[in-house]
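# Observations on the model geometry
Chain by chain, the residues run as shown.
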Amino acid sequence: MELLNVNIPSWSDMGNWLPEAVLCAGFLVALLGDMLVKGRKPAVPFVISVFALVASGSYAVASLTDPGLGAGFSIMGDLVVVDGLAAFFRILFIFAGLATVLFAWTSEEIMGAKRENKGEFYALTLLLTAAMMVMAEARDILMLFLSMEAVGLVSYVMAGYMRTSLRSTEASLKYVIFGAVSSAIMLYGLSLLYGMTGAMDFAGIRAALVAGPVNPFGLLVVTVLVIAGMSYKIAAVPFHFWCPDIYEGAPTPVSAIFSVGPKAAGFALMIRFFYTTLAAGPDAAASVGIIEVINWPLLIAVISAVTMTYGNLVALRQNNVKRMLAFSSIAHVGYLLMGFVLLTPAGLQAILFYLLVYTLMNLGAFFYVVAINNHLKSEELEDYVGLGFRAPWAGAMMVVFLASLTGIPPFAGFIGKFYLFTAVLDKEWFWLAIVAALNSVVGLYYYFKVVKALFLTSPAADADTSPLKLHWLQYAVLAVLAIPTLVFGLYWGPLKDMADIAIATMTVGF
Amino acid sequence: MGEHILSWMTFFPVIGAAVIAFIPSQRKEVIKTVAAAAAAVPLILAVQLFINFDRGSSAFQFVEHYTWIKAFNIEYFMGIDGLSVPMVLLTAFLSFLCIIASWNIDRAPKGYFALFLILEAGMMGVFCALDFFLFYVFWEVMLLPMYFLIGIWGGPRREYAAIKFFLYTLAGSVLMLLAMIAFYLNVSDPVTGGHTFNMLHMFDQANHSDWLHLTNIRHIIWIALFIGFAIKVPIFPFHTWLPDAHVEAPTAVSVILAGVLLKMGTYGILRISYPMLPDQAAWFSYALAVLGCINILYGAYCAMAQSDMKKLVAYSSVSHMGYVLLGMSAMTSAGMNGAVLQMFNHGTITAMMFLSVGVVYDRAHTREINGFGGLGTQMPLYFSVFSFSLFAALGLPGLSGFVSEAMIFMGVFPVYRTVTIISALGIIIGAAYVLWMLQRVFLGPKNEKWDNLPDINVREMFTLVPIGLIVLLLGVYPMPVLDLMKVTLNNLIKVVAG
């Protein structure tokens, strides 16, 4: 144990891990309940999962006011830390998990009559949420890898949830193969890093790197391999290939949480890993060495520009709304990476702010697809024609989500882009800002292809134009996502403060 | 309302839109009445503004100044000076008339009127905002309603026209966004020393950072801003969205598009580019004059070639906005005042023309110029109203268009002689396309197909006559509008030329 720098866990610090513990307990109880109580609809696991998420969420919110949060609570020695950054992501994941669980309850894809083991979905969502939370808390390469694998394993099962559907099982298999390859690549990088520094925890790695001497080529290889592994998790080009197929193949509620949760978790991990190991800290003289060895800001900037351009250009040609949203989520990863380029606090704050906004608007857009799929059994754009007049309020909310994804005021997505642009321009990365700005215009075209189908195109003469009635829960969840998307576009001060505090209270170990 | 008159003017329509959203869609008359009421309030306030505006001061008046987002020094900062007052009046006036002119909208009136009111709020906000961020938000807020107004209630090619309008404008806006952020990061608040979006601080060159004083950087920022505004004006070669949007848009939306939205481009140049980058304004002025000249001639020639009445009027807008650019480029008192007066006059005249085209289109369901003939005897009252607007458009002395065009030519002639002489040809071509259309539609043998067309009705007259009166009044005595802007514009000239 001493070799690995891992301390024996003590139970006294586990109190700060209550949200995770509640979710894990909820997972077990939900599974058990599902086995014991059989019904047409799996009400027991659903209620348990909602209850567990609400309870976990209230613990997570309560922990925000804990005065010790700024310094961070170490759990299990130094493997995991609960600090401002982790608290921020905990709330984000629980919110996304809760919205998904509620919406899945009304989804025919999950709850359809022929589906077996419906209850498992709720249990697995709890487990996924817990695993993502640990990803945001890991500060040791061992835990980093384990948490990523935990998220991956749950995801594989969830992607293949419709086990009789060819598309769903294919998605799952693809996910497993891509996941395994990328994990192996990253693990190789991490093992090299351990070999170079002799440390497992991020702070120790940094200390060893600062103390030097550092083999530049070795560090370059490590950086590239680790970035590759994480790029897979967030679906950045060129490690994005799995993403559209899996989003399209998986049930839509699953795609919804995939497009938000694991990506955000990947960013949390990236922020913590790179900021604590490689960023120029307050002791500039000591850290300059690490930064200068490789021009990795340029590497990230190129990945960012290529990712957003690729995602947007390919999305242009999609006629399946779900697949289009998958490519759009790739494009958004490109925008998010802009904030990562210089590892400045302003850039990281912009990422967190954007992630919050992105969670609202992207979940909303996916949920609209779920709601429509219940009625049309289709995600093809041509079938969306005239829907805006058949379900006007839902259509209007979809317009809010799409306009926000495009980045037009007065919606929150614009504010998110504004912060990213400002962070990038402040450090004079002009070309990146211009590429991103032009990409927003490209985005407009395909997001508004959907709006066009909903409201502009006249339906064919024989088309069904009867009003569509959505489930009340669907209206409620969509409104809970749409109203903040608009309100935070007009007054986003509190949201911005949250992101700023999360970065300010991240424990970096230097 | 006295304290927050600008906020009320901007946000009262939004309240109206919110109310409309909750009226059942079958109650069409109620929806229309609420919309008219919501647009009437800004009009009444505009009259109050016109009376109370201090014409002797170049300072911003009716100022409202509050913190909005503290962390980024974004402020809710509204105020108007002589440049914005005519535009605010125009917006309030045309918006109200357009609601009346839209009375015959049958398809989904709820959405139409709600979006129209949001559009009005956005336009009003652009002309009142003194915080760059606020300005940008208002600028963009208009896009979404405009997209839907063209796209849902427009003509056969409305989907194409709507997205084209949206894409063009957004492409310009993102460049403006980057320029805005560059300003934000390089202008410091003289009191706090922090970054600021306050336009008044941006006007003061002493607040600019060293980086922002680099000539190349300033050129780049000028061009980014210019493209953003040029697309809106639209300046050749960025004008191609305009004919499409106009042809497909419903009548009232065309009126707003030509009457107010185009002015936002030139307003932006005068409000933002000129005072923030005065040396670049001087550097670019000759190019601006040439672009203005191209707009005048190219727009006029294109108008002459059109067989669709609405497209003809649309291209005439391109031509008339060219006069504005020409007047701005000279930076003389006559030129600048003429330019802003022309912005106002074009707003009224082109509104009359579009409304008139709408009248015949509602009856005949075609706008094909050659499909008509001899309408003068069939619709005598309509004939007189439409010809009045067309004469105003060709610059007949005694009507308002003549005054502003004459001022522009007087102002530019001493500065750019050749360009002025070439541009003056535009007047002749303008007369040609206007009279030719008049002849083909109203004179000659009567087309029997139109024997049953009823003459213009009272509601339509109600929308056209008030504009006509203003056109006539300003043609004889332009001082009511000139007085409003004189002091501010002469001050602006001092900033850019001195």
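Residues numbered from 1 in each chain as written. Chains lettered and ligands numbered in written order. Predicted model: local features only at pLDDT ≥ 70, side-chain atom pairs only at ≥ 80, totals over all residues.

### A word on the overall build of chain B
In terms of regular secondary structure, chain B is built from 20 helices and 2 strands. The C-alpha radius of gyration of chain B comes to 22 Å, within 12% of the 23 Å expected for a compact globule of 498 residues. Referenced to the eigenvectors of the C-alpha coordinate spread, the extents of chain B come out at roughly 75 × 60 × 40 Å. Across the 498 residues in chain B, those meeting the buried criterion constitute 61%. (Helix = DSSP H or I, 4+ residues; strand = E, 2+ residues; numbered from the N terminus. Rg over C-alpha atoms; globule rule 2.2 N^0.38 Å. Buried ≥ 20, exposed ≤ 12 C-beta atoms within 10 Å, placed from the backbone.)

### Comments concerning the interface of chain B and chain A
Between chain B and chain A, the residue contacts involve 27 residues of the former and 23 residues of the latter. Of all the elements in the fold, those that place two or more residues in the side of chain B that touches chain A are α5 (132-141), α6 (143-153) and α7 (158-186) of chain B. Counting residues per element, the side of chain B that touches chain A draws most heavily on α7(B), at 15 residues. Its residues placed into classes, the side of chain B that touches chain A shows 22 nonpolar, 1 polar and 4 charged. (Contact = placed C-beta atoms within 7 Å. Nonpolar A, V, L, I, M, F, W, Y, C, P; charged D, E, K, R; others polar.)

### With respect to α6(B)
Of all 11 residues in α6(B), 11 are buried; the element is thus mostly enclosed. Among the residues of α6(B), Leu143(B), Leu144(B), Pro145(B), Met146(B), Tyr147(B), Phe148(B), Leu149(B), Ile150(B), Gly151(B), Ile152(B) and Trp153(B) are the ones counted as buried.

### Observations concerning the pairing of strand β1 (residues 61-69) of chain B
Residues and elements named next belong to chain B. Relative to strand β2 (residues 74-80), β1 is paired through 6 bridges, and the arrangement is antiparallel. Across the sheet, Glu64 pairs through a bridge with Met78, a residue of β2. Counting the residues that bridge the hairpin from β1 to β2 gives 4 residues, and of these Asn73 lies at a positive phi of roughly 55 degrees. (Pairing = 2+ DSSP bridges.)

### So, helix α8 (residues 202-211) of chain A
Residue and element names in this part refer to chain A. Taken residue by residue, α8 has Phe202, Ile205, Arg206 and Leu209 as its buried positions. The arc that holds the buried residues of α8, viewed along the axis, is 100 degrees, so those residues lie on one side. Phi turns positive one or two residues past the end of α8, at Gly212, with a value near 65 degrees. (Arc of directions from axis to C-beta.)

### What about the environment of Val290(B)?
Residue placement: Val290(B) occurs in helix α12 (residues 278-305). Separated by 171 residues in sequence, Val290(B) and Met461(B) place their C-alpha atoms 39 Å apart.

### Some details on the environment of Pro445(B)
Residues and elements named next belong to chain B. Note that Pro445 resides in the loop between α18 (417-442) and α19 (458-476). Classification of Pro445 as exposed rests on a count of 7 C-beta atoms within 10 Å. Linking Pro445 and Thr196, residues 249 residues apart in sequence, is a C-alpha distance of 65 Å. For Pro445, the contacting residues outside a window of four places in its chain are Gly373 and Gly374.

### Some points on the packing of helix α15 (residues 345-376) of chain A against helix α18 (residues 412-426) of chain A
Any two packed helices are characterised by how steeply their axes cross, that is the angle between the axes, and by the distance between the axes. Residue and element names in this part refer to chain A. Contact geometry of α15 with α18 gives a least axis separation of 9 Å together with a crossing angle of 160 degrees. Judged on the interaxial angle alone, α18 and α15 are roughly antiparallel. Between α15 and α18 lies a crossing of left-handed hand. Where α15 approaches α18, its residues Ala346, Gly347, Ala350, Phe353, Tyr354, Val357, Tyr358, Leu360 and Met361 are matched on the opposing element by Ala412, Gly413, Ile415, Gly416, Tyr419, Leu420, Ala423 and Asp426. Tallied by class, residues from the contact of α15 with α18 come to 13 nonpolar, 3 polar and 1 charged. (Axes fitted to C-alpha atoms, helices over the stretch in contact; angles between N-to-C directions. Parallel < 35°, antiparallel > 145°, perpendicular 65-115°, else oblique. Left-handed = near helix turned anticlockwise from the far one by under 90°.)

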